[in-house]
Amino acid sequence: MSVITPKSEAFLKAYLNNASPTGFEAPGQQLWLEYIKPFIDEWQLDNYGTVYGVINPGQDYKVVIEGHADEISWFVHHISDDGFINVIRNGGSDHMIAPSKRVNIHTKKGIVRGVFGWPAIHTRHGEDAKLAPKISNIFIDVGAENKEEVLAMGVHVGCVITYEDEMEILNDRYYVGRALDNRMGGFCIAEVARLIKENNVKLPYSLYVVNSVQEEVGLRGAEMITQTIKPDVAIVTDVTHDTHTPLVSSKKLGDVKSGKGPSVTYAPAVHNKLLNLIIETAEAKEIPIQREAASRRTGTDTDAFAYSNGGVPSALISLPLRYMHTTVEMSHKDDVDAVIRLIYEVLQRIEKNHNFKYF
């Protein structure tokens, strides 16, 4: 039976549909905070927008569960005299998917609608037939006659741009939309907080439920907040690649498949004793898991927590995701449910002043 309720799913839809680009996460953070307030004892907001709730505050031993709140996007970089807009990335936005996408340009006057234009197939002959999207040639059309009209709309260099795509449920099985990376992680840790509250679980430590900003540009929000909280343990949840779709190699990228459960990662930053506790918990509670390995770095906020404050035992629990950094990211409902249950169960196995030293 799924732990996700209709009320939870309604929050998830609102949370995913809201735009929270890197550096501009505040509206999404406010939505997230309002949802978790009934499940926490207190909350804090840092200067760059990372929000965390605390359960059982005031204890010497501190455990973090964390996801990141920001989504990839674009910045207005140049406006031509003819009124067309060139862009640069804000995070790892994929230029290949841009042509023909509708966009929202965020301005002080409100949303300005636009589209990524592209030359018609009829016009591309000879060498032009090889034309492919690049950062240098994709552009946005807002229907303006000239640069002056674009500026009058409130659009200027530095305005942030997001896609309009919203969440849907595909075949009653998959959540689909933009920004599942990694607002799905924020959703999962919020649900863990809800389960702790509803089931009256008494933890022997302070639990910090952390929704970090600016992961997509170098784990920056986690880097900041771990110095503030100074946790003793950190469990991070993010997304990983489902490698069982066309054009993706499981031999190169790891053998992970949607619907088969969360993935746990072996990596230098991942603490082996904490990882083993997670695996043992999954086995005891019959929660399916998959395994993958990361060379040198995980590329997630796990790295920021692990290498902070003299070293914080950290581990990564990942949600399999199809089509990462597109507007049709897909995650299996069963995997989302399993991520929530696994984190919830692991937290109940961490003891007060739990010693994770190897010997």
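Residues numbered from 1 in each chain as written. Predicted model: local features only at pLDDT ≥ 70, side-chain atom pairs only at ≥ 80, totals over all residues. Heavy atoms only, no water.

## Considerations on the packing of helix H1 (residues 6–17) against helix H4 (residues 180–198)
Phase 1 of the analysis: Two elements in contact, H1 and H4, have axes separated by 10 Å at closest approach and are oriented at 150°. Classified by the interaxial angle, the pair formed by H1 and H4 is roughly antiparallel. Read as a crossing pair, H1 and H4 show a hand that is right-handed. Contacts between H1 and H4 involve Ser8, Phe11, Leu12, Tyr15 and Leu16 from the former and Leu180, Arg183, Met184, Phe187, Glu191 and Arg194 from the latter.
Phase 2 of the analysis: For the contact of H1 with H4, the residue count by class is 7 nonpolar, 1 polar and 3 charged. (Axes fitted to C-alpha atoms, helices over the stretch in contact; angles between N-to-C directions. Helix = DSSP H or I, 4+ residues; strand = E, 2+ residues; numbered from the N terminus. Parallel < 35°, antiparallel > 145°, perpendicular 65-115°, else oblique. Left-handed = near helix turned anticlockwise from the far one by under 90°. Contact = heavy atoms within 4.5 Å. Nonpolar A, V, L, I, M, F, W, Y, C, P; charged D, E, K, R; others polar.)

## Describing unusual backbone geometry
Phase 1 of the analysis: Residue Asn182 is bonded to the preceding Asp181 through a cis peptide linkage, with omega at 0°.
Phase 2 of the analysis: Within the secondary structure, Asn182 sits in helix H4.
Phase 3 of the analysis: Even without glycine at this site, Leu219 takes up a positive phi of about 65°.
Phase 4 of the analysis: For Leu219, the location among the structural elements is in the loop between strand E12 (206–212) and helix H5 (220–229).

## Focus on the sheet that holds strand E7 (residues 110–116)
Strand pairing in a sheet is mediated by backbone hydrogen bonds. Such pairs are either parallel or antiparallel.
Phase 1 of the analysis: Sheet architecture is closed into a barrel: 6 strands sit in the order E4-E5-E8-E7-E6-E9, paired in antiparallel fashion.
Phase 2 of the analysis: Alignment of strand E4 (residues 73–79) against strand E5 (residues 84–90), held across 6 bridges, turns out to be antiparallel. Across the sheet, Ile79 pairs through a bridge with Ile85, a residue of E5. (Pairing = 2+ DSSP bridges.)

## A short note on the side chain of Asn90
Phase 1 of the analysis: Checked against the element boundaries, Asn90 lands in strand E5.
Phase 2 of the analysis: Only 2.8 Å separates the side chain of Asn90 from the backbone oxygen of Thr22, close enough to count as a polar contact.
Phase 3 of the analysis: Dropping the residues within four chain positions of it, Asn90 is found in contact with Pro21, Thr22, Ile72, Ser73, Trp74, Phe75, Val160 and Val217. (Polar contact = N/O pair within 3.5 Å; in protein donor to acceptor, adjacent residues only side chain to side chain.)

## A few points about the environment of Lys333
Phase 1 of the analysis: When you line up the elements, Lys333 lands in helix H9 (residues 333–347).
Phase 2 of the analysis: Contact partners of Lys333, with chain neighbours within four places excluded, come to Glu9, Ile169, Asp172, Arg173 and Tyr175.

## So, the environment of Asp303
Phase 1 of the analysis: With respect to the helices, strands and loops of the structure, Asp303 is situated in helix H8 (residues 301–306).
Phase 2 of the analysis: Those residues in contact with Asp303 that sit more than four places away from it in its chain are Leu219, Ala269, Arg297 and Thr298.
Phase 3 of the analysis: Among the polar contacts listed, one links the side chain of Asp303 to the backbone nitrogen of Gly299, at a separation of 2.9 Å.

## Looking at the nonpolar core
Note that soluble globular proteins tend to have their nonpolar side chains buried in a common cluster.
Phase 1 of the analysis: Formed by 63 residues in total, the largest nonpolar core has its most connected members in Leu207, Leu347 and Ile350.
Phase 2 of the analysis: Ranked by residues supplied to this core, first place goes to H4 with 10 residues.
Phase 3 of the analysis: Setting aside chain neighbours within four positions, we find Leu207 in contact with Gly53, Val54, Ile55, Val63, Ile65, Ile196 and Leu347.
Phase 4 of the analysis: Counting residues in hydrophobic clusters, the runner-up holds 19 residues, among them Val112, Phe116, Val150 and Ile161. (Core = buried A, V, L, I, M, F, W, Y, C linked by side-chain atoms within 4.5 Å. Buried < 20%, exposed > 50% of the residue type's maximum accessible area, 1.4 Å probe, protein only.)

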